[in-house]
Amino acid sequence: MVLIFYPRPDEGDARPIHQSPSYLKRIERIAQMGEQTILYVPPELTETIRAMRPDPHWYIIDSYATVWDIPTNDYQRDNFANKQPKLFQEFDGYTDANGELRPVDRYNRAHHSAVCNAKAFIMYDAIMRNPFGCDRWMYVDAGFLFDDGPKDSEGMIWGSLIKNGLNEAKIDRAISVSRDTGVVMGEYSHRDGCPDINDECWSNPKRTWRARQFIANVYVGNSLGMLNYSARFMQTVDDMDANGFYTGREEFVIAFVALRYANSVFSIPWFPLPRQLDYRWQFPGKMVFSRVGGSQSVPPIVDPIATLYVRDYVPSRESLPAGGVYVTSQKDFEEWEARHGLTMPKED
């Protein structure tokens, strides 16, 4: 696993969930998983992070004093501080009816943009260093194990994931699709719509907010797949910058990567997790590569060009179906929405 954590400089003004104590508690949960982990942190956090798990498989990289010292950020400070916020404010054409697709202003910050932009570079950098001699990789957001996550039978938050650990065979299954060209990551639910290839969001910078179909909090790939995705992401950011498109959050960039470079992004369509693993802001990618549910419990994996954007596109790789506890029905979707107050339950 690879993650990055650089505290925001104005965290005193942030919600508690975006302050260091919350993040450090969530990083401790990652430490408890016992997986080989590479962490990119500023030098002042090195000892704090190391104390969470003093073993050689908890590998800290503190070469970059600030998030702006990361090579793909060192020339972006003015862009992320000035140009990107201006582009964000120029977004138009959305209303409350666009729901979760609407751009969220609290993420429109230079530091947040720099951390999001750094994801591709740290994956590239980690693979070049490769301290464990790995060929399977998983990027995770430092705070992906939220405090309101599902509890196991003993009341431990994220206990099912932490105690079961990751399953190499499930990661290999995903890599059998992404191979040496790309990665596998999750999708949002698309409850509030999804643009197709003819949508104006691909050509109108003011409507780029519609191109947010992927959640990059967890994604997997082999070494070459991760390198290919990372290089293509970094190139796409530069090209979008040159053409006046918003790049201040990586989720606005990924869809462009997927369409520009076939076989770079494969995805797990959103589905409701089993009730015992469920919580309001759940995304299946957090669970589906673990031993939870046994070896037969695997997620669906698709080529999103065909399933989301270009309906007559013929993928070069076959989709994989869901299995085990991740097989869902329309009723499961309806019950999830009703449980979380998103719709009224249907009468029998």
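These notes cover the structure that comes with them.

### Let's talk about the environment of L277
Structurally, L277 can be placed in the loop between β7 (265-268) and α9 (304-309). In this structure L277 touches P150, S160, M287 and V292, once residues within four positions along its chain are discounted.

### Digging into helix α6 (residues 168-178)
For α6, the set of buried residues is K170, I171, R173, A174, I175, V177 and S178. Where α6 is buried, its residues meet β4 (136-140), β5 (183-187), β6 (214-222) and β7. Where α6 begins, the capping side chain belongs to N167, and its oxygen is found 2.8 Å from the backbone nitrogen of A169. Following α6 by one or two positions, R179 adopts a phi angle in the positive range, close to 50°.

### A short note on the pairing of β5
Of all the five residues making up β5, five are buried; the element is thus mostly covered by neighbouring parts of the structure. Relative to β7, β5 runs parallel, the two sharing four bridges. Bridging from a neighbouring strand, V183 pairs with V265 of β7. Here four bridges tie β5 to β6, and the two strands are oriented antiparallel to one another. Residue pairing across strands places G186 opposite I215, the latter belonging to β6.

About the thresholds
Residues numbered from 1 in each chain as written. Predicted model: local features only at pLDDT ≥ 70, side-chain atom pairs only at ≥ 80, totals over all residues. Heavy atoms only, no water. Helix = DSSP H or I, 4+ residues; strand = E, 2+ residues; numbered from the N terminus. Contact = heavy atoms within 4.5 Å. Buried < 20%, exposed > 50% of the residue type's maximum accessible area, 1.4 Å probe, protein only. Polar contact = N/O pair within 3.5 Å; in protein donor to acceptor, adjacent residues only side chain to side chain. Pairing = 2+ DSSP bridges.

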